[in-house]
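Residues per chain are reported as follows:
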Amino acid sequence: MAASSNRKKTTTKNNNNKKPAGNRTRNTKQMQETKKKKEQLEILTILLFALSVFIFLCNFGLSGSFGVAVKKVLFGLFGVISYIIPFVLFFGIIIYVMNKNSKFVKKKVISGAILLYMAGVLIELFSYDFSLISGENIFKELYTLSAHNFSGGGVLPGILTY
């Protein structure tokens, strides 16, 4: 009896709980797809962060002659709001990525962009004397004033202003 008590008891596993092979391959494909989507989202976030840093450096003239050209284009289009655009771009993307399952995240990001646009309109209203901007090609004048003076609201807010 002492010999029989030293033996290990073996149990057989019941194979009834196994999932069919088709479900396992489907689950691994889904896991691979979600992993790929997460990786793409991370890469997009990193690229947009790099773009935001580049625009920020361009706004302060720290990126060479190409940066000066980018600065003039941004100021021609958006005016003084160009200083805020890198931050809004990056934080808007971060908010969207972190809350992408929320119903209201798109509305929040779009509302933020509209608020920024309206701030540009107000800046454009208070920046220039209306008598200075006249002529047939008002948008060209708005662009050149904002791009060369680095002031004003730019062309895009100027569309709504004038």
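Refer to the structure above for everything that follows.
Quick caveat: nothing in here was measured; it's all calculated off a predicted structure.

The rules we used
Residues numbered from 1 in each chain as written. Predicted model: local features only at pLDDT ≥ 70, side-chain atom pairs only at ≥ 80, totals over all residues. Heavy atoms only, no water. Helix = DSSP H or I, 4+ residues; strand = E, 2+ residues; numbered from the N terminus. Buried < 20%, exposed > 50% of the residue type's maximum accessible area, 1.4 Å probe, protein only. Contact = heavy atoms within 4.5 Å. 1 Å grid on protein atoms, 1.4 Å probe; cavity = no way out; pocket = protein on both sides within 12 Å on 5 of 7 lines; lining within 4 Å. Points joined across faces, edges and corners; volume = space filled by probe spheres on them. Nonpolar A, V, L, I, M, F, W, Y, C, P; charged D, E, K, R; others polar. Phe/Tyr/Trp six-rings, centres within 6.5 Å; stacked < 30°, edge-to-face > 60°. Axes fitted to C-alpha atoms, helices over the stretch in contact; angles between N-to-C directions. Parallel < 35°, antiparallel > 145°, perpendicular 65-115°, else oblique. Left-handed = near helix turned anticlockwise from the far one by under 90°.

Focus: the overall build of the protein
At step 1: Looking only at helices and strands, the protein has 7 helices and 0 strands in total.
At step 2: N-terminal to C-terminal, the α/β element order of the protein is α-α-α-α-α-α-α.
At step 3: Residue burial in the protein is summarised as follows: out of 162 residues, 23% are buried.
At step 4: Within the protein, contacts between residues separated by at least 24 positions form 65% of all contacts whose residues are at least 6 apart in sequence.

So, unusual backbone geometry
At step 1: One non-glycine residue, F150, lies in the positive phi region at around 50°.
At step 2: Overall, the relative accessible area of 29% leaves F150 in the partly exposed class.

Some remarks on the layout of surface pockets
At step 1: Here the largest pocket defines a volume of roughly 410 Å³.
At step 2: If you trace the largest pocket, you find 18 residues lining it, with V88, L89, G112, A113 and L116 closest to the centre.
At step 3: Looking at the lining of the largest pocket, the elements with two or more residues in it are α4 (85-98), α5 (105-127) and α7 (155-161).
At step 4: Ranked by the residues each element gives to the lining of the largest pocket, the list is headed by α5, at 7 residues.
At step 5: In the lining of the largest pocket, the residues fall into 14 nonpolar, 3 polar and 1 charged.

Things to note about the packing of aromatic side chains
At step 1: In this structure the tally under the stated criterion is 8 aromatic pairs.
At step 2: Measuring from centroid to centroid gives 5.2 Å for F75 and Y83, while their planes differ by 80°, and the two rings are edge-to-face.
At step 3: Residue classification places F75 among the buried residues on the basis of a relative accessible area of 0%.
At step 4: Judged by relative accessible area, Y83 falls into the partly exposed class, the value being 31%.
At step 5: Each residue in the set F56, F60, F75, Y83, F87 and F150 is aromatic and connected to the rest through ring pairs, giving one cluster.

Details of the packing of helix α3 (residues 64-78) against helix α6 (residues 138-149)
Packed helices, taken two at a time, are described by their axes: the angle between them and the distance between them.
At step 1: Running from N to C, α3 and α6 cross one another at 135°; their axes reach a closest spacing of 7 Å. Taken together, the axes of α3 and α6 lie oblique to each other. In terms of crossing hand, the pair formed by α3 and α6 is right-handed. Contact residues: K72, V73, F75, G76 and L77 in α3; Y143, S146, A147 and H148 in α6.
At step 2: Considering only residue class, the contact of α3 with α6 consists of 5 nonpolar, 3 polar and 1 charged.

That is the geometry; function is a separate question.
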